[in-house]
Amino acid sequence: MALVLAVCFFAWFTFFLPDPLFSVSYSRVLKSREGKLLAAAVSEDAQWRFPAGHYVSPKFATCLITFEDKRFLQHPGVDPIALFRAIYSNVKEGKIISGGSTITMQVARMARGKKSRNVWQKFMECLWALRIELRYSKDEILALYAAHAPFGGNVVGVEAACWRYYGSTSDALSWAEAATLAVLPNAPSLMHPGKNTEALFQKRNQLLQKLKYEKIIDEEEYALSILEKIPEVLQRLPRHARHLLQNDFVLTTDSSTIRYDWQLRLEERVQQHHEYLRANDIQNLAAIILDVKTGEIVAYAGNILPDNRAVDAEVDAARANRSTGSILKPFLYAIAIDEGLISPTSLLTDVPTYINGFAPRNFNREFDGAVPAHQALIRSLNVPAVYLLQQYRYEKFHTLLKKLGIHSLTQSPDHYGLSMILGGAEGNLIEITGAYAAMARVLNQYFERPGERKYAQSDWRNPSYQKNLQQDKDEINLSSTSPLSASSIYHTLNELTEVYRPGEETGWRNFYHTKKIAWKTGTSFGFRDGWAVGVTPQYAVGVWVGNADGEGRPNLTGTESAAPLLFSIFDFLPTGDWFQEPKLEQITVPICSVSGYKASTHCPKTDTILLPRASKNLKLCNFHQHVNLDRSLQFTVNSSCYNIFQMVDSAWFVLPPVQAYYYQRKHSHYHPLPPIHPNCLQNENVSVMDLVYPKNGSKIFIPRGLDGKFSELIIELAHVKPDAIVYWHMDGTFLGKTQGKHQFAILPETGKHFLSLVDDKGNVSESRFEVTLKDK
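What comes next concerns the included structure. Just so it is clear, the model here is predicted, and its values are computed rather than measured. (Residues numbered from 1 in each chain as written. Predicted model: local features only at pLDDT ≥ 70, side-chain atom pairs only at ≥ 80, totals over all residues. Heavy atoms only, no water.)

1. Quick notes on the packing of aromatic side chains
At step 1: Using the criterion set out here, one finds 18 aromatic pairs in the structure.
At step 2: An angle of 40° between the planes, with centres 6.0 Å apart, marks the rings of Phe623 and Phe653 as tilted. Pair noted here: Phe623 is in the loop between strand E15 (606-612) and strand E16 (624-629) and Phe653 is in strand E17 (residues 648-653), with a separation of 30 residues, a long-range link. Like Phe653, Phe623 is buried.
At step 3: For the pair Tyr663 and Tyr670, a centre-to-centre distance of 5.4 Å together with 80° between the ring planes defines the contact as edge-to-face.
At step 4: Residue class for Tyr663 comes out buried when judged on its relative accessible area of 6%.
At step 5: Within the aromatic cluster, the residues linked to one another by ring pairs are Tyr597, Phe623, Phe653, Tyr663 and Tyr670.
At step 6: Against the face of Tyr222 rests Lys212, its NZ or CZ located 4.5 Å from the ring centre. (Phe/Tyr/Trp six-rings, centres within 6.5 Å; stacked < 30°, edge-to-face > 60°. Helix = DSSP H or I, 4+ residues; strand = E, 2+ residues; numbered from the N terminus. Buried < 20%, exposed > 50% of the residue type's maximum accessible area, 1.4 Å probe, protein only. Lys NZ or Arg CZ within 6 Å of the ring centre and 35° of its normal.)

As structure tokens, this is what we get:
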């Protein structure tokens, strides 16, 4: 029984210490992947107290043991010799002049918190010290002391003290600096750098002399050490990647994924670029670099560096949700190829558009009528993107973006509607750059994984800056499908390498760059946000430029404001080979050379292209029509008026009237379908004119202008024959006639109206619309 009680007592005595031993808050500390300090923030109780580690500077440990507890390595936590000597000295002097505490006893006193200084508390310190020695090694006890000892003011722990007093790590301590820090905890409130400097200087030199006496340092080291001055001014801690300290992750002393040298280079480029932007009152910008393979953030600038001119510099702009502008268009382009809706050269509609009150416009306010999909992407045309999203469905696109890792979409798909593709949706730089990096990762991993299952959902993971997280370990969950296929990603990224961007945001721009980069820019409505994201097989870079308060500025565009910084960052990043083409995932599809859709029997010229397997569902080209011409090739004819043996068969490229109206302005080679021969019956399926505005069923709101009068409504018609005469009627009243440019300015009353237009050949176009006059 006695043995059992003894064992129980020993177990309680040894193990029933608080765990953790110290119940205090620590500073948030961010270190680079190399272990260098990037930034730190005070603890919850406003102390500079770095988390305890396992390492203590050898110089500091030697100085501490020499000064505080020379038998530290031999005693069990309590030093009887030192204790009895302290009792003798205190009795002799009639006051307390020595406590006889060992380093372990001091750890116990700090762990127990503020207690009154009396015999009972000294006994408890001895008891705790014995228990601490049973649980922890000598090195661990030194580490606990080094992390929690007071060093004056709000500085706690030797690592924090090294940075605050010397601006460096404990590894870089000289003997004089180590000796200074070793004597500081002995009376931190009475003397610390900047206070009682002479007393601290003398005490330090006494320890240095003792080190020389015990032959720990030689005569020369001693002579040099005593010449070193005591620091009198506190040093500022580094503030690199400081915005990462604001996030919700638990920060530890473990290294982050940030590369120290790249972080400094990134911040330097950001500051240089901001000096240029500041002239236009653009106050904020953010930039990040991601490692494509791992998804790790290797450099992070959440905003500009703070100075006396900085505005909202502490806002983490990389995490702030902002209007996305055109930056999401590549994802729509890729999924449209995956779904077999388009090929890279498929013609997309680009005409004035009105959809339930939504009227998208291209940045340059011009229209091409019809434009190849890849040109619409690299020129960032808005109208074709809206038509493509309408075809794919915005509900599906909303779901896709979530799968790609863009979780900032907090509203329902109906809330965003078709404007989602033009900046109507919110996003942040981290998630958007992460999605671009994920596209590159999926394409790279396609060639790394054997067999048919080459995709994993973890490839679409969000970027992280913490090391040792689960990174793509779920190879057992490989799939044969992905939100975006390697094939569609390859086509998309290849198109985005085009350096000539006609019509994108600010006209012709040529960013000459020796490195092959897939890149895209975006600009939000009102010039409030400028985006630029670029990706290579190795790295993804994202840049956002704007004002944190949402103020727009002239020329605040992705091309003008963000792209130059993007390429400046890529300048110092290493390069490698470009992406491989995933040919095994593709099929050969015959494509009409003009329309870009699957070649029909009427297409006069065809090409072949490798596309995802779903492209077998690509619709047939309906732009080329089989027509019969007379022998002069001036008229279309049919059997009602012309001898079928004299007809000339032809395949004619025919666009709908509105598309043709704008297309032929930029394509002089386009020829509208010849008119029907006067003696032939009209083919009712042939449309030669169409209303540009208002479309049938439109609801139009006309505001009152600054002069107090209601604005006129401009109605417009497109006709395939430039010289056609068109007669305009509204509500049974003749308005007039037009030739060449078919526009009319009217001021209709509130209510429903019926518009009827007839050309000189008897072709008719009609529209019913409703008008509301608004005072505001």
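From this point, the discussion proceeds with the structure in view.
2. Describing the sheet that holds strand E20 (residues 713-719)
Across a sheet, strands are paired by hydrogen bonds formed along the backbone, either parallel or antiparallel in direction.
At step 1: Read across the open sheet, the three strands follow the order E18-E20-E23; overall the sheet is antiparallel. Both outer strands of the open sheet, strand E18 (689-693) and strand E23 (743-746), are each paired with one neighbouring strand and no more. Neighbour-to-neighbour, the strand axes of this sheet turn through a mean angle of 20°, independent of strand direction.
At step 2: Pairing between E20 and E23: four bridges, direction antiparallel. Across the sheet, residue Leu713 finds its bridge partner in E23, namely Ile746. (Pairing = 2+ DSSP bridges. Axes fitted to C-alpha atoms, helices over the stretch in contact; angles between N-to-C directions.)

3. Points about empty space enclosed by the protein
At step 1: For the coordinates displayed, the defined rule picks out two cavities of 30 Å³ or more.
At step 2: The volume enclosed by the largest cavity comes to roughly 90 Å³.
At step 3: When residues of the lining of the largest cavity are traced back to their parent elements, those giving at least two are helix H12 (329-338), helix H13 (373-378) and helix H14 (382-392).
At step 4: Here the residues of the lining of the largest cavity are counted per class, giving eleven nonpolar, no polar and one charged.
At step 5: Residue lining of the second largest cavity: 14 residues in total, with Arg242, Glu267, Ala301, Asn303 and Leu305 positioned closest to the centre.
At step 6: When residues of the lining of the second largest cavity are traced back to their parent elements, those giving at least two are helix H11 (260-278) and strand E6 (297-301).
At step 7: Class assignment of the residues belonging to the lining of the second largest cavity gives a composition of six nonpolar, five polar and three charged. (1 Å grid on protein atoms, 1.4 Å probe; cavity = no way out; pocket = protein on both sides within 12 Å on 5 of 7 lines; lining within 4 Å. Points joined across faces, edges and corners; volume = space filled by probe spheres on them. Nonpolar A, V, L, I, M, F, W, Y, C, P; charged D, E, K, R; others polar.)

4. Digging into the sheet that holds strand E5 (residues 284-291)
At step 1: As summarised here, the arrangement of the five strands in space is E6-E5-E13-E12-E11, forming an open sheet in which the pairing is antiparallel. Looking at which strands have only one partner, the edges of the open sheet turn out to be E6 and strand E11 (518-523). On average, each strand axis in the sheet is inclined to that of its neighbour by 5°, with strand direction left out of account.
At step 2: In the packing of helix H17 (residues 429-446) onto the sheet, the strands contacted are E5, E6, E11, strand E12 (529-535) and strand E13 (539-546), and the crossing angle to E5 comes to about 30°. (Contact = heavy atoms within 4.5 Å.)

5. Remarks on the nonpolar core
At step 1: Core analysis: the biggest nonpolar cluster contains 116 residues, and Phe331, Ile342, Phe397, Ile421 and Leu484 have the highest contact counts within it.
At step 2: With twelve residues, the top contributor of residues to this core is H17.
At step 3: Sequence-distant contacts of Phe331, defined by excluding residues within four places in its chain, comprise Phe397, Leu400, Leu401, Leu404, Ile406, Ala435, Tyr436, Met439 and Leu484.
At step 4: Core analysis: the next-biggest nonpolar cluster, separate from the first, contains 56 residues, Ile65, Tyr136, Leu173 and Tyr222 among them. (Core = buried A, V, L, I, M, F, W, Y, C linked by side-chain atoms within 4.5 Å.)

6. Quick notes on unusual backbone geometry
At step 1: Cis geometry marks the peptide bond from Tyr693 to Pro694; its omega dihedral reads 5°.
At step 2: Following the sequence through the fold, Pro694 ends up in the loop between E18 and strand E19 (699-703).
At step 3: Positive phi, close to 55°, is recorded for Phe527, a residue that is not glycine.
At step 4: Summarising the element assignment, Phe527 is placed in the loop between E11 and E12.
At step 5: Given the relative accessible area of 31%, Phe527 is considered partly exposed.

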